[in-house]
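Now for the letters of each chain:
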Amino acid sequence: MGFRPKVLVNENDPDLSELIASTLRLMGTDPCCVVCRAEGASLIETQKFDGAFLDWDNDPLDCEQLILLIRHSRSNAKIPIAIISAQAVKTQVAKGFAAGASFFLAKPFGASELERLVNVCRGTMLEERRRYQRVPLVVPMLCQWGQKRGQRRVAGRSANISNTGLLMELSPQPEPGTSVLIELKLPGQQTDLFLKGIVARITPPKQVAVQFIQLANAARELLESFVITRPTSALFPAV
């Protein structure tokens, strides 16, 4: 199946909301339409999106807060955001971009203008999806942390992996914020893969989420090649 971006649409005008939704569907995109900002905010915290179209006119301050929420969210901080408004006033546009908007779409607009904007965003959406895409990976692994006499080297098992992190089962566990070195073999590979990371969180009873840092180019390329060729288990980050 081809890439189908999932896009949050927050627009109060039902006719315009339907135009946006129908155009997005025709372009192979899955729109999620909401009227209430609170509902949009809740979805941002619980779901992974690839982009957002937000109505600036109903309540600019409210829209500004939603943009800021997106930019500070765990899973959607880097998605492209388009604000749609009939207020093509420089000060209003500047406020939207200062909050974190990526594009401005002036009302009134038709399907052709919307299509052009989606096409401009598609590459960014795909790259963002790849960053968060994780795939099942259940293989033995070693996790090392600590210095000299306090060094630990513990055997565990991975659960899933992404370009940005790894979820594993491990006991005993390093504390959150600990620097670790992961050693494992990807399926079909003869050599070990060494991945540096930081423990992002601990999930009882013994799951550890690690965010990768300072990956060598060879390790990064091997990991990206593995992730993109495997079916996904989720679109939330492993960290």
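Heads up: these notes are all about the structure in this document. All of these numbers come straight from a predicted model, not from anything done at the bench.

Examining the overall build of the protein
Secondary structure assignment for the protein yields 6 helices and 12 strands. Seen through its C-alpha atoms, the protein measures out along the principal axes to roughly 65 × 35 × 30 Å. Residue burial in the protein is summarised as follows: out of 239 residues, 44% are buried. Counting only contacts in the protein whose residues sit at least 6 apart along the sequence, the fraction spanning at least 24 positions is 62%. Distance from the positive charge centre (28 side chains) to the negative charge centre (23 side chains) of the protein: 12 Å.

Here we look at the packing of helix 3 (residues 60-71) against helix 4 (residues 90-99)
Taken N-terminus to C-terminus, the directions of helix 3 and helix 4 make an angle of 25°; their axes are 8 Å apart at the nearest point. When the axis of helix 3 is compared with that of helix 4, the two are roughly parallel. Crossing of helix 3 over helix 4 shows right-handed handedness. Facing helix 3, whose interface residues are P60, E64, I67, L68 and R71, helix 4 presents Q92, G96 and A99. For the contact of helix 3 with helix 4, the class distribution of residues is 4 nonpolar, 2 polar and 2 charged.

A word on the pairing of strand 12 (residues 207-212)
Across 5 bridges, strand 9 (residues 165-169) lies against strand 12 in antiparallel orientation. Each bridged residue has a counterpart across the sheet, and for M168 the counterpart in strand 12 is V208. By the bridge criterion, 6 bridges tie strand 11 (residues 193-203) to strand 12 in an arrangement that is antiparallel. Bridged to I202 within strand 12 is V208. Two successive antiparallel strands, strand 11 and strand 12, enclose a turn made up of 3 residues.

Here we look at unusual backbone geometry
Among all residues except glycine, the phi angle is most often negative; among peptide bonds, the trans geometry is most common. In this model, S171 is joined to P172 through a cis peptide bond whose omega is 0°. Inspection of the secondary structure puts P172 in the loop between strand 9 and strand 10 (179-184). Here P204 and P205 are connected by a cis peptide whose omega angle stands at 5°. As for its position among the elements, P205 is in the loop between strand 11 and strand 12. Although it is not a glycine, Q214 adopts a positive phi angle of roughly 50°. One can find Q214 in the loop between strand 12 and helix 6 (217-228). Exposure remark for Q214: the relative accessible area of 65% places this residue in the exposed category.

Quick word on the packing of aromatic side chains
Counting across every chain of the model gives 0 aromatic pairs. The ring of F49 is capped by K6, whose NZ or CZ atom sits 5.1 Å from the centre of that ring.

Things to note about the sheet that holds strand 3 (residues 51-55)
Taken together, the 5 strands give an open sheet; going across it, the order is 2-1-3-4-5, and neighbouring strands pair in parallel fashion. The open sheet terminates on both sides in strands that have one partner only, identified here as strand 2 (30-34) and strand 5 (103-106). On average, each strand axis in the sheet is tilted by 20° relative to the strand beside it, whichever way the strands run. Alignment of strand 3 against strand 4 (residues 81-85), held across 4 bridges, turns out to be parallel. Looking at strand 4, one finds that L54 is bridged to I83. In the packing of helix 3 onto the sheet, the strands contacted are strand 1 (6-10), strand 3 and strand 4, and the crossing angle to strand 3 comes to about 165°.

Details of the pattern of salt bridges
Scanning all chains against the criterion turns up 7 salt bridges. The shortest N-O distance in the salt bridge between D55 and K107 comes to 3.1 Å. Of this pair, D55 sits in strand 3 while K107 sits in the loop between strand 5 and helix 5 (111-132); the two residues are 52 residues apart in sequence, bridging distant segments of the chain. With a relative accessible area of 4%, D55 lands in the buried category. With relative accessibility at 22%, the residue K107 sits in the partly exposed group. Put simply, E183 and R153 hold a salt bridge, and the shortest N to O gap is 3.0 Å. With E183 in strand 10 and R153 in strand 8 (residues 152-162), the pair connects residues that are 30 residues apart, well separated along the chain. The class for E183 is buried, based on a relative accessible area of 16%. Several salt bridges converge on common partners, so that one network encompasses E11, D55, D57 and K107.

Thresholds applied
Residues numbered from 1 in each chain as written. Predicted model: local features only at pLDDT ≥ 70, side-chain atom pairs only at ≥ 80, totals over all residues. Heavy atoms only, no water. Helix = DSSP H or I, 4+ residues; strand = E, 2+ residues; numbered from the N terminus. Buried < 20%, exposed > 50% of the residue type's maximum accessible area, 1.4 Å probe, protein only. Contact = heavy atoms within 4.5 Å. Lys, Arg positive; Asp, Glu negative; His and termini not counted. Charge placed at Lys NZ, Arg CZ, Asp CG, Glu CD. Axes fitted to C-alpha atoms, helices over the stretch in contact; angles between N-to-C directions. Parallel < 35°, antiparallel > 145°, perpendicular 65-115°, else oblique. Left-handed = near helix turned anticlockwise from the far one by under 90°. Nonpolar A, V, L, I, M, F, W, Y, C, P; charged D, E, K, R; others polar. Pairing = 2+ DSSP bridges. Phe/Tyr/Trp six-rings, centres within 6.5 Å; stacked < 30°, edge-to-face > 60°. Lys NZ or Arg CZ within 6 Å of the ring centre and 35° of its normal. Salt bridge = Lys/Arg side-chain N within 4 Å of Asp/Glu carboxyl O.

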